[in-house]
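Coordinates in review
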Amino acid sequence: MTAHPPVAALRGRRRPRRAVTSFAAVSVLVSGAALTGCAQERDSDVYTVMNSSTDESYHRWDAEAMARCGTRLGVRIDQQSVPAAQVMTKALRMASSKSLPDIVQFDASEMPTFAEAGGLVDLRALGLATDDIPQGIVDFGSYRGTYYGAARSVNTLALFYDKDALEQAGLEVPATWDELRDTAKKLTEGKRYGLALSAGGAEDGVFQFTPFMWSNGGDETELDGPRVVQALDYWKALLQDGSLSRSTVNWTQADVNDQFMAGNAAMMINGPWQVETLNTDTSLHWGIAQIPVPQAGDASVGPLGGAVLTVPRTGDTDREQTAGRIVACLAGEKEQLTYALNSWMVPANEKAATVWRERVPELDALADQVAEARSRTAQLGAGWPAVSLALQSAFQSALTGRSSEAALKHAQQRATSGNRGTRP
Amino acid sequence: MTTATATAAASAKTTGTTPAPDPDRLRRRRRLTQWGFVAPAVVFMLLFFGFPLVRNVVMSFQHYTPRTFFTGEAPFNGTDNWSAVLQDALFGKALWHTLVFTAGSLLGQFCIGLALAVFFSRRFPLGGVLRSLILLPWLVPMVVSGIVWRRILDQDTGVLNTFLDTLGIGGSTPWLTSPDMALLSVILVNIWIGVPFNMVILYGGLQEIPKELHEAASLDGASAWRTFRSVTLPTLKPVITVVLVLGFMSTVKILDLILALTDGGPADATQTLGTLTYQSSFVELDFGAGAVVGNVLILISAVFAVFYLRANRTDGK
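Residues numbered from 1 in each chain as written. Chains lettered and ligands numbered in written order. Predicted model: local features only at pLDDT ≥ 70, side-chain atom pairs only at ≥ 80, totals over all residues. Heavy atoms only, no water.

In this section: the overall build of chain B. A count of helical and extended segments in chain B gives 15 helices and 0 strands. Whereas a compact globule of 317 residues would reach a radius of gyration of roughly 20 Å, chain B reaches 27 Å, over 25% beyond that. With the C-alpha coordinates aligned to their principal axes, the bounding extent of chain B is approximately 95 × 75 × 30 Å. Contacts in chain B between residues at least 24 apart in sequence constitute 65% of all its contacts with a sequence separation of at least 6. (Helix = DSSP H or I, 4+ residues; strand = E, 2+ residues; numbered from the N terminus. Rg over C-alpha atoms; globule rule 2.2 N^0.38 Å. Contact = heavy atoms within 4.5 Å.)

Structure below.
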């Protein structure tokens, strides 16, 4: 009873103050919004993840994973999905307006650029362990030795083939370049080409060229080296044999998949992200194998692809700690397995990968390929985009008539001329 | 001036007690009101046109990289960006492609657009329906038509080659896959997109020409071609200028169509200034170099904007 009057008195006294504070808050908000433009207001237990999961199914899988991790950590995790090509530029814009999300999922080939700009937090410092992750995949998420990006799953390229077409022709699945050339030639008939791959003028084409370049011992630091020239000559030979459509220079990897599904190609180079689409056609019996190598016994080195979860430097260490825990949960063994089973990609975590192999035996070849796969940015880091652009132009001009040697020599000059401003 | 003092005197008479206002003050106030009306437009222009323009020019002299977004520091590097871009062989190539693309597109769009406009200016059954159907390419988003055309022009499975094949002519034309053909194909697609715009504006212009002029010409015994050349074209001239200049400005900065059709390939055969600035800025993330190409593009557009203003001014007279 005695407590009541003071409370009432307090309330009475507080009322005008509340009006003043709310007025002040409103004016601060208004002027703040006017000054910072689109800087977002951070809610204390709402965390944002920016990713490129604009596909309905990926968006849903991610939302489910975030809901589970959110419940576990007692926070709400919002998902903000933008087209893959815009993640980097959007993140940079957000950095300059100090409104970065708590977690950004970058394509692993873009992560070094953001890390080099000083925008990422060392995940090990946030307590993320890398014990169960193969060294290749740790490197994949690292820039200059610092682990910035946790991969949930990785992918690479493999040879997909139409089982029925090979059976009808009485052919084996090719394992070497000679066999691939021979098989592709024999499978080419009528409207059907033996092989389809993407040599398009974007990252897709470069991604597809790397397994040929690397398995042959070529290297992106020396584009005009004889091994790279040989690999490009091999592509040219496939085209000259008529085993490869001339449209290949205009195809993305999705186009390649369409051609394969339409029966216009008996084999294709593609990645596991196409499996969901491939399986929509039940009459198509496809198999998967490692990408053929120059000589029997060579290792088939594919490009490591996939996205990594990163924690951008926002300056708020408490939030960064929690963001680290969210990344640890999303990239944890259990979530990795769920995600990999949904998306047909290979879990980064070794334990999860072992379970995955048992559950998805048909993609076994892919798991082997991942073990040997290499990251595109391991050597060049943030210098990769310039080399990639030069390489695109080179294989396109070689496939449309120029000699491989001249095209690659030009590409090497372009990549190292250090023009394009004063790129370090 | 004289009216202002007259009204001031009149108002002073009716109110009586108020002293006659100073004519200078009145004039100043009127000036102020005039500026008040102009101000929003000026502020808008400075904020949304002036600022980005100046920013882009400044940026082309800066070492502007992803790091800049964090530190806010973009050291000036003199003319490094400019000399690097101008020395790059790709820039010359892209500039040439841009000019060919623009000239080719405008020529095709304008000629076909004019022919269709003249065709539809005669009344005939279903003319209105047909005319609105021709508008379709204009209504489809550029990226969508780009993707559709990429399929149509596919060398092996495309509809166009399949059609040509059944006719027995050029069934395997490498529309988008040969560096020699790609630019031409991209121009053809852009003509298809631009024809409706040209037709609509020119059709409107044709409707404006007084019938008497044509009647007088036919009384004088002029042939159809002569009437078109000596009556239609000259009276249509202001409209033609507008169509060409607007067409130029939207064509020279082309980006989306080319990205959807060829991504600048094969082997840089369809790189234009638009795709080059996109690649430098958003793929290589070298914003200084991207700004240089952007500035060149602005400069070219500015020259034609002057032509446009000139043309408009003579209209007013």
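Turning next to the overall build of chain A. When its secondary structure is counted, chain A shows 17 helices and 15 strands. Considering chain A as a whole, with its 424 residues, one finds that 54% of them fall into the buried category. At a minimum sequence separation of 6, the contacts of chain A that also span at least 24 residues come to 74%. For chain A, the computed accessible surface area is about 18,200 Å², with 50% contributed by carbon and sulfur atoms. (Buried < 20%, exposed > 50% of the residue type's maximum accessible area, 1.4 Å probe, protein only. Areas by Shrake-Rupley, 256 points an atom, 1.4 Å probe, with all protein chains shown as cover.)

Further remarks concern the sheet that holds strand β2 (residues 76–81) of chain A. All names here are of chain A. Ordered by their spatial adjacency, 5 strands build an open sheet running β2-β1-β3-β13-β6, and the pairing between neighbours is mixed. Only two strands of the sheet have a single partner each, and these edge strands are β2 and β6 (149–151). Adjacent strand axes in the sheet meet at a mean angle of 25°, parallel and antiparallel pairs treated alike. Of the pairings in the sheet, the one linking strand β1 (residues 46–51) to β2 comprises 6 bridges and is parallel in character. Bridge assignment links N51 to a residue of β2, and that residue is S81. Against the sheet, helix α12 (residues 317–330) engages β1, β2, β3 (103–107), β6 and β13 (307–310), with an angle of about 55° to β1. (Pairing = 2+ DSSP bridges. Axes fitted to C-alpha atoms, helices over the stretch in contact; angles between N-to-C directions.)

All names here are of chain A. One open sheet accounts for 4 strands, arranged β9-β10-β8-β11; its pairing is mixed. Looking along the sheet, the strands with just one partner apiece sit at the ends: β9 (193–196) and β11 (286–289). Across the sheet, the axes of successive neighbouring strands diverge by a mean angle of 20°, strand direction being ignored. Set on the sheet, helix α10 (residues 253–261) makes contact with β8 (158–162), β9, β10 (265–270) and β11; between it and β10 the angle comes to about 155°.

Residue and element names in this part refer to chain B. Together, L126, V129, L130, L133, L136, W138, L139, V200 and I201 line one region of the surface with nonpolar side chains, adding up to about 820 Å² of accessible area. You can see L139 is positioned in helix α7 (residues 136–139). By relative accessible area, which is 62% here, L139 ends up exposed. (Patch = residues over 30% accessible without salt bridge, like charges linked within 9 Å, V, L, I, M, F, W, Y side chains within 5 Å. Salt bridge = Lys/Arg side-chain N within 4 Å of Asp/Glu carboxyl O.)

Here we come to the interface of chain B and chain A. Reports of interface size often rely on the accessible area that becomes lost once the parts have come together. Taken together, the 37 residues of chain B in the interface contact 41 residues of chain A. Taken over both partners, the interface formed by chain B and chain A buries close to 3,400 Å², and the fraction arising from carbon and sulfur atoms is 51%. When the buried area of chain B at its contact with chain A is split by residue, B:F69, B:F70 and B:E284 rank highest and sum to 22% of it. Counting the contacts that link chain B with chain A gives 4 salt bridges. The residue A:D255 makes a salt bridge to B:R150 at a minimum N-O spacing of 2.8 Å. Viewed at the interface, chain A and chain B are joined by 13 residue pairs in polar contact (both at pLDDT 80 or more). Elements supplying a minimum of two residues to the side of chain B that touches chain A: α3 (68–71), α4 (80–87), α8 (142–152), α14 (273–283) and α15 (287–316) of chain B. Examining the composition of the side of chain B that touches chain A, we find that 5 residues originate from one element, α14(B), more than from any other. (Buried area = accessible area lost by both parts, 1.4 Å probe. Polar contact = N/O pair within 3.5 Å; in protein donor to acceptor, adjacent residues only side chain to side chain.)

Our next topic: the nonpolar core. Residue and element names in this part refer to chain A. Core analysis: the biggest nonpolar cluster contains 82 residues, and F106, F160, W286 and L363 have the highest contact counts within it. Among the elements that line this core, the one with the most residues is helix α3 (residues 87–96), at 6 residues. Excluding residues within four positions of it along the chain, W286 makes contact with F160, Y161, K163, F260, V275, L278, N279 and L363. Ranked by size, the runner-up nonpolar core spans 47 residues in total, among them L157, W177, A184 and A231. (Core = buried A, V, L, I, M, F, W, Y, C linked by side-chain atoms within 4.5 Å.)

This paragraph deals with α8(B). Among the residues making up α8(B), those that are buried are B:S145, B:G146, B:W149 and B:R150. For α8(B), the arc enclosing every buried residue in end-on projection is 140°, short of the 170-degree limit, so these residues lie on one face. At its buried positions, α8(B) is contacted by α10 of chain A together with α10 (182–208) and α13 (256–261) of chain B. (Arc of directions from axis to C-beta.)

Attention now goes to the UniProt feature "transmembrane region" (unreviewed entry) in chain B. All names here are of chain B. UniProt records the feature "transmembrane region" (unreviewed entry) at residues 35–54, 94–120, 132–152, 181–203, 239–261 and 287–309, using the numbering of this structure. Structurally, residues 35–54 comprises 100% helix and 0% strand, and the distance from its first C-alpha atom to its last is 24 Å. Between the C-alpha atoms that bound residues 181–203 there is a distance of 32 Å. The span itself is 96% helix and 0% strand. (UniProt positions renumbered as here; feature names shortened; annotations may be inferred.)

By the definition in use, this model includes 2 cavities of 30 Å³ or more. Considering the residues around the largest cavity, the lining is formed by A:G201, A:L389, A:Q392, A:S393, A:Q396, A:R414, B:D263, B:G264, B:G265, B:D268, B:Q271 and B:Q279. When residues of the lining of the largest cavity are assigned to their parent elements, the largest contribution, 4 residues, is made by helix α16 (residues 384–399) of chain A. Its residues assigned to classes, the lining of the largest cavity shows 1 nonpolar, 8 polar and 3 charged. (1 Å grid on protein atoms, 1.4 Å probe; cavity = no way out; pocket = protein on both sides within 12 Å on 5 of 7 lines; lining within 4 Å. Points joined across faces, edges and corners; volume = space filled by probe spheres on them. Nonpolar A, V, L, I, M, F, W, Y, C, P; charged D, E, K, R; others polar.)

This paragraph deals with the packing of aromatic side chains. Residues and elements named next belong to chain A. The full count for this structure, using the stated rule, is 27 aromatic pairs over all chains. Arranged with centres 5.5 Å apart and planes meeting at 65°, the rings of W235 and F395 form a pair that is edge-to-face. Of this pair, W235 sits in helix α9 (residues 226–240) while F395 sits in helix α16; the two residues are 160 residues apart in sequence, bridging distant segments of the chain. Of the two residues, W235 and F395, neither departs from the other in class, the shared state being buried. (Phe/Tyr/Trp six-rings, centres within 6.5 Å; stacked < 30°, edge-to-face > 60°.)

Let us now look at the pattern of salt bridges. Here the structure, examined in full by the defined rule, presents 20 salt bridges over all chains. A salt bridge links A:K186 to A:D182; the nearest nitrogen and oxygen atoms lie 3.0 Å apart. Of the two residues, A:K186 and A:D182 both sit in helix α7 (residues 177–187), 4 residues apart, roughly one turn of that helix. In this structure A:K186 comes out as partly exposed when scored by relative accessible area, which is 49%. Linking A:D258 and B:R151 is a salt bridge whose minimum nitrogen-to-oxygen distance equals 2.9 Å. Taken together, the residues span two chains, with A:D258 in helix α10 and B:R151 in helix α8. The exposure class assigned to A:D258 is partly exposed, which follows from its relative accessible area of 33%. One salt-bridge network, in which partners are shared between bridges, spans A:D255, A:D258, B:R150 and B:R151.

To continue, consider the UniProt feature "domain: ABC transmembrane type-1" (unreviewed entry) in chain B. Those places that UniProt annotates as "domain: ABC transmembrane type-1" (unreviewed entry) correspond, in this numbering, to residues 95–308 of chain B. Across residues 95–308 of chain B, helical content stands at 76% and strand content at 0%; the span's end C-alpha atoms are separated by 22 Å.

With that settled, the discussion passes to unusual backbone geometry. Even without being a glycine, A:K98 presents a positive backbone phi close to 55°. Within the secondary structure, A:K98 is located in the loop between α3 and β3. Phi is positive for B:L126, close to 65°, though the residue is something other than glycine. Assignment of secondary structure puts B:L126 in the loop between α5 (89–120) and α6 (127–134).

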